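Architecture at a glance
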Amino acid sequence: MNTQTTDILVIGGGPAAMVLATTALENYPDKKITIVKIEKIGQVPCGIPYVFGTTLGSSDKNAMACGGVIVEMIDIKVDKIVKVDFKTKTAFGLENTIVYDKLVFATGSIPFVHESLSHTLDHENVFTISKYKDDIDKVKNYIEDKKRIIIIGTGFIGVEMAIELKSIGKDVTIIGGKNILVNSFDTDLAIQGEDIMRDLGINLSLGQHASNVIENDNLATAIELCDGTIIEGDAIILCTGYKPNTVLAEESGLKDTMYGGIWVDEYMKTTQKDVFAIGDCSGRRDSITRNPSKVMLASTSAAEARVAANSLYGLKYLKGFSGTIAIFSTMIGNRAFASAGVTEAQAKKENIDYVVGSFESMNRHPGTMPDASKQFIKLIALRSSGQIIGGQIVGDKEAGEIINIIGLTIESQLTAHHLISLQVATQPVLTPAPTTYPLIKAAQNILLNKSACHTK
Ligand SMILES: Cc1cc2nc3c(=O)[nH]c(=O)nc-3n(C[C@H](O)[C@H](O)[C@H](O)COP(=O)(O)OP(=O)(O)OC[C@H]3O[C@@H](n4cnc5c(N)ncnc54)[C@H](O)[C@@H]3O)c2cc1C
């Protein structure tokens, strides 16, 4: 057993660990930083669905780049930490024993399968989507000569998997809730995505949960839905969410939150002195409702890593955000779908007194420009103040950046009043017209709808 000492020990090799290590190196160049991770070469987790179709086509093309020269200054070990003793500040791996000064858990998340379906994983043709290359390649190799693929779960990963598998000619059926992407989009936007998926030739089986798995020998041959419909398949992929990977933290004595993430304060400190937790393994709250949040995102993980890394040895900057704003984007066919903050459905459920403003126009001006297409923006604001608490976009690829403006608006607690006087750069080949800029017009409509309600 190899025993070493380090100043900062990070357990994990995902986005949170990498951002923590590189930011810590920038802040504390004299400190020794050690990362311990299980996999030799990590995958870009967000790129995994694209390994399965024509977009990337191979896990070799989805290897995680580790940040170049700066990473050469970090001690990276491939090992699994199996025990941590907080009293002696020692982490025990299978091959290494490491004595640390500061410890950061960045152990991420693992696929979640509801107990009603967990037994199906015993079948050789039922899979989850793990973040490890070997697991990904196993699924890819298995389905290579199979035709009918059933995907259970209509969140982002299920939808992206369905589209990619369709792109290589599979007969894909996706089973899920009432609408796709239900946690991020209201029905009016989700159905646009559903129509595109149907046009692509994907079979959507919505509003009917899987009630039974029909088995033959070691294979799952079909899914029976609640209404008795039988869907036959050659392979089944469960895209039913992820859960924080906290086994090591729990066994070491750290406290968990409601959804199982490691309890942390605003600066990502755990209940143990000198021990932090960041990324998907940490407990999160929704920034608007303050409810415990199950949202797991690489971008949020990276933000948490920066917060922790900047203040490992004492508070340096105040934390700029408090809670996840659930900010996502994806492509369905040639349309981008992006969402941030609460949806209208969530606002209703949480009894929030809200008002909606939306607007659609072309993303270039004049709208006859060669690559012009429609851009629809919906904003949700508190009725009392006009503070923006949510936004959804369907448009071209620039929706992926416009949603980040909406995210900043939400995090900065800006209102529709701020947005209507926003000065934006507009240019015919790049943006919508200044006269009908959807983000500003949607904000204007919030104020009109808000005052219309008050004058009723
Ligand atoms: C298919 C897919 C698509 C996604 N798409 C998006 C997207 O488009 N946008 C987005 O923002 N997010 C996306 N996500 C979510 C995103 O990938 C996660 O939020 C992110 O990976 C979390 O990063 P992390 O570093 O906290 O944990 P992880 O990426 O889960 O990494 C955990 C790390 O800890 C290591 N580890 C665990 N236990 C130990 C141990 N005992 N010893 C040593 N090492 C250990 C693992 O080996 C791994 O390196 C997607 C996720 C998946 C699965």
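Residues numbered from 1 in each chain as written. Predicted model: local features only at pLDDT ≥ 70, side-chain atom pairs only at ≥ 80, totals over all residues.

**Overview of the sheet that holds strand 4 (residues 75-78)**
Put simply, the rule is: Two strands pair under a simple rule: DSSP has to find at least two bridges between them. A run of H or I in DSSP becomes a helix once it reaches four residues, and a run of E becomes a strand once it reaches two; helices and strands are each numbered from the N terminus. Throughout, an axis means a line fitted to C-alpha atoms (over the contacting stretch in the case of helices), and angles, computed between N-to-C directions, take values from 0 to 180 degrees. The contact criterion used is a C-beta to C-beta distance within 7 Å, with each C-beta placed from the backbone.
Taken in spatial order, the 5 strands line up as 4-3-2-8-19 in an open sheet, and their pairing is parallel. Each of the sheet's edge strands pairs with one partner strand only, and the pair in question is strand 4 and strand 19 (275-277). The mean inter-strand angle of the sheet, taken between neighbouring strand axes irrespective of direction, is 20 degrees. Each of strand 2 (8-11), strand 3 (33-37) and strand 8 (102-105) touches helix 1 (residues 15-27); the most contacted strand, strand 3, lies at about 170 degrees to it.

**Examining the site of the ligand**
For the record, the criterion: Here, nearness means that the C-beta atom of a residue, built from backbone geometry, sits within 6 Å of the molecule or strand in question. Only Asp, Glu, Lys and Arg are considered charged in this grouping, and only Ala, Val, Leu, Ile, Met, Phe, Trp, Tyr, Cys and Pro are considered nonpolar; every other residue, Gly among them, is considered polar. Domain boundaries shown here were taken from an automatic or database domain assignment.
For the ligand, the set of nearby residues contains 34 residues, the closest of which are Gly12, Gly14, Pro45, Gly108 and Gly279. Of all the secondary structure elements, the ones that give two or more residues to the shell around the ligand are helix 1, strand 3, helix 2 (48-51) and helix 9 (298-310). Classifying every residue of the shell around the ligand by side-chain character gives 18 nonpolar, 11 polar and 5 charged. Taken together, domain 1 (2-38 + 79-108 + 243-309) and domain 2 (118-240) each give at least three residues to the shell around the ligand, which thus spans both.

**Examining the nonpolar core**
Keep this limit in mind: A set of buried residues qualifies as a nonpolar core if it consists of Ala, Val, Leu, Ile, Met, Phe, Trp, Tyr and Cys joined through C-beta atoms within 7 Å. Neighbour counting defines burial: a residue surrounded by 20 or more other C-beta atoms within 10 Å of its own C-beta is buried, one with 12 or fewer is exposed, and intermediate counts give partly exposed, using backbone-placed C-beta atoms.
Counting residues in each nonpolar core, the largest one holds 76 residues, and the members touching the most others are Ile151, Met161, Ala162, Ile236, Ile237, Ala381 and Ile389. If you tally residues by element for this core, the top one is helix 6 (residues 156-167), at 7 residues. Each of domain 2 (118-240) and domain 3 (335-455) gives at least three residues to this core. If we ignore the near neighbours within four places in the chain, the residues touching methionine 161 are Pro49, Phe52, Ile129, Ile151, Ile237 and Cys239. By size, the runner-up hydrophobic cluster in this structure holds 40 residues, among which are Ile33, Ile35, Ala277 and Ala303.

**A few points about the pairing of strand 6 (residues 90-93)**
In this structure, strand 5 (residues 81-85) lies alongside strand 6, joined through 4 bridges in antiparallel fashion. Bridge assignment links aspartate 85 to a residue of strand 6, and that residue is threonine 90. Remark: 4 residues form the turn of the hairpin made by strand 5 and strand 6, two consecutive strands paired antiparallel; lysine 89 in that turn has positive phi of roughly 50 degrees. Between strand 6 and strand 7 (residues 96-99), which pair antiparallel and follow one another directly, the connecting turn spans 2 residues.

**Section: the domain arrangement of the protein**
When cut into domains, the protein gives domain 1 (2-38 + 79-108 + 243-309), domain 2 (118-240) and domain 3 (335-455). Between domain 1 and domain 2, the C-alpha centre-to-centre distance is 32 Å.

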